[in-house]
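What follows is each chain in one-letter form.
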Amino acid sequence: MTEEAVVSLVNEHTFGIWFLIGAALVFWMQAGFAMVEAGFTRAKNSGNILMKNLMDFCIGTVMFILIGFSLLLGEDLVGVIGKPGFDIFTSYQDFDFSNFVFNLVFCATTATIVSGAMAERTKFLSYCIYSGVISALIYPIEAHWIWGGGWLAQMGFHDFAGSCAIHMVGGISALIGAKILGPRIGKFTKDKEGKVTKVNAFPGHNLPLGCLGCFILWFGWYGFNGAAAASIPQLGSIFLTTTIAPAAATMVCMILTWIKYGKPDVSMCLNASLAGLVGITAPCDVTDAFGALVVGVVSGLLVVFGVWLLDYKLHIDDPVGAVAVHCLNGIWGTLAVGLFATSSAPGSEIDGLFYGGGFHQLGLQLLGVAAVAVWTIVTITIAFLAIKATVGLRVTEEEEIVGLDATEHGIASAYSGFSIMDISNTMMMEVNENTDLGVADYENASQFQRDAAVKVSAVPKELSGMYKVVIIAKLSRYDKLRKAMNELGVTGMTVTQVMGCGVQRGAGEKYRGVEMDATLLPKVKLEIIVGNLPVEKVIETAKKTLYTGHIGDGKIFVYDVAKVVKIRTGEEDMAALLDVE
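Structure report, in brief. Quick caveat: nothing in here was measured; it's all calculated off a predicted structure.

### What about the side chain of H144?
Looking at the element boundaries, H144 is found in helix α5 (residues 124–147). The class for H144 is buried, based on a relative accessible area of 0%. Contacts of H144, omitting those with residues within four sequence positions, involve L71, L72, G74, D76, G79, V80, I81, G82, G149 and G150.

Here you go:
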């Protein structure tokens, strides 16, 4: 055997191993999707989301065995579908094991994308059905056009790793599904005529989990884009473009949200990283560093625009931004091949419009996007409407409010042992006045302003004897309040963290571009038994400490106490209070 043959054999085996490692990295992305979706939604649905992402792959595997794989990579029939067959059962010894696993993990990704946009209100049974339909029919047929020797591949359409075949298809399916399904309860406030007057923010319950998912996906994307590389230089170039695009997208998104909303939006920037990855997926092998940079910049702009478009114009509820990330950037990435492809990239034979190739490749990319979009729109709409008409697509209002963990899976919470409270806008308080009183300093505030900011309720007419003073205040003021009470002579108090329901208009805080109402906010409740200290001093000290010049600074309640008993000594009334004041 010649030296060249040995090198060729080693390369063949090396890339064969890398091909399967890449497939394993793409499989690992299922965990990333699960973490992003769970983190960006509410805690009461986390178990349901984890179950859906698990079943995406498991249902997809069965469907791919039965029909999906043969429709994708079977013998080409007139450029439209692969010939159905069961070679995995009848000719196992000659079966292409590696190709099956590789295409299976990509198929599962397509179905997973839909999950996020329809989260928190979809029946689990219905989800399983349409996940199976996507894996068995919708994805394999259009993917055959692109990768299985179908008519688009024969024409020269280029989608190296799936901006069109996977992400655009998943994004369009997500868009249609979310539209048919309808928004979550409380997402949009409507007037009597049914017109949307306000968009409400539903913050994700666990951004660290969402961030972990983002990093898992970015890591897995090196396999997603790079597994099919044919040479070391091409693999290196793919890794480079797969790094540049999401980094640029995230930078642009950070700057844009900082300017537009006053602060850099965390969850939007996480989405932007994924948007840049989606955008570079189709052209990753044919672009250079400049092309990847431009792809990323546009992706960063598109994800912010997409979230705004769905919320404020289309009024479609997408809890995790799946449509903005996958649909818009899937289209953009596919078209970017026709703009930024260059034959200077390792293994590339394509030149896009901006590299002297004219409009030919761009025309092919437009044709491919249009054809795959029409196929997806028609088939997924039929699937969703059929499911809606038979088993139903959406859970009941009561099930949605309680949470799908309990109603669909019989688990009290995915966070057993933790106290979970839903602080979303399912129960809204309408804004009716501006809460800013105009004076932030207690000494300069009028008595009216002091009383409006920190209300005192139920003060006994004669302040003598024993009283219970209950103070409810912002959590941020607790330390100052505790120190002020200690300096006054109060050495014992009961402290409880509670949630306060109210409205704070004009705060200007935004989540994913939507202004947040202060509906349920963390508060602290202090209970003090006063006997030897003048209760007026306790009240005045609390008011002075809590005052910031806004309605909602706090409330103070004063109650008569009939009797106090110290368990340890048996002392009663004033004697029982001597060591706690």
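### So, helix α18 (residues 535–546)
End to end, α18 covers 17 Å across twelve residues, agreeing with the expected 16 Å (1.5 Å per residue, within 8%). Three or more residues of α18 are buried, namely V535, V538, I539, A542, K543, T545 and L546. Buried residues in α18, looked at end-on, bunch into an arc of 170°, giving them a common side.

### Looking at helix α7 (residues 163–181)
For α7, built from 19 residues, the straight-helix expectation of 27 Å at 1.5 Å per residue is met to within 8% by its first-to-last C-alpha distance of 25 Å. Most of α7 sits out of view: 16 of its 19 residues are buried. Trailing α7 by a residue or two, G182 shows a phi angle of about 90°, which is positive.

### Observations regarding the packing of helix α8 (residues 207–226) against helix α10 (residues 266–281)
At their nearest, the axes of α8 and α10 sit 10 Å apart, and the two run at 10° to each other. Of the possible angle classes, the one that applies to α8 and α10 is roughly parallel. Residues L207, G210, C211, C214, L217, W218, W221, F224 and N225 of α8 lie in contact with α10, whose contacting residues are V266, S267, L270, S273, L274, L277, V278, I280 and T281. A class-by-class count of the residues in the contact of α8 with α10 yields 13 nonpolar, five polar and no charged.

What counts as what
Throughout, a residue's number is its position along its own chain's written sequence, starting from 1. In keeping with the predicted nature of the model, local features appear solely for residues at pLDDT of at least 70, side-chain atom pairs appear and are counted solely at 80 or more, and the whole-chain, interface and lining totals rest on all residues. Note that the side-chain values use all heavy atoms of the structure and ignore hydrogens as well as water. Secondary structure elements follow DSSP: runs of H or I no shorter than four residues count as helices, runs of E no shorter than two count as strands, and numbering proceeds from the N terminus. Note on classification: 1.4 Å probe, protein chains only; a residue is buried when its accessible area is under 20% of the maximum for its type, exposed when over 50%, partly exposed between these limits. Whether two residues are in contact is decided by their heavy atoms: any pair within 4.5 Å suffices. How far a helix is expected to stretch is found by multiplying one less than its residue total by 1.5 Å. Directions drawn from the helix axis to the C-beta atoms are what define this arc. Between N-to-C directions, angles cover 0 to 180 degrees, with each direction set by a line fitted to C-alpha atoms, over the stretch in contact for helices. Under this scheme an angle from 65 to 115 degrees is roughly perpendicular, one under 35 degrees roughly parallel, and one over 145 degrees roughly antiparallel; angles in between are oblique. Residues are grouped as follows: Ala, Val, Leu, Ile, Met, Phe, Trp, Tyr, Cys and Pro are nonpolar; Asp, Glu, Lys and Arg are charged; every other residue, Gly included, is polar.

The values are spatial; any link to function lies outside them.
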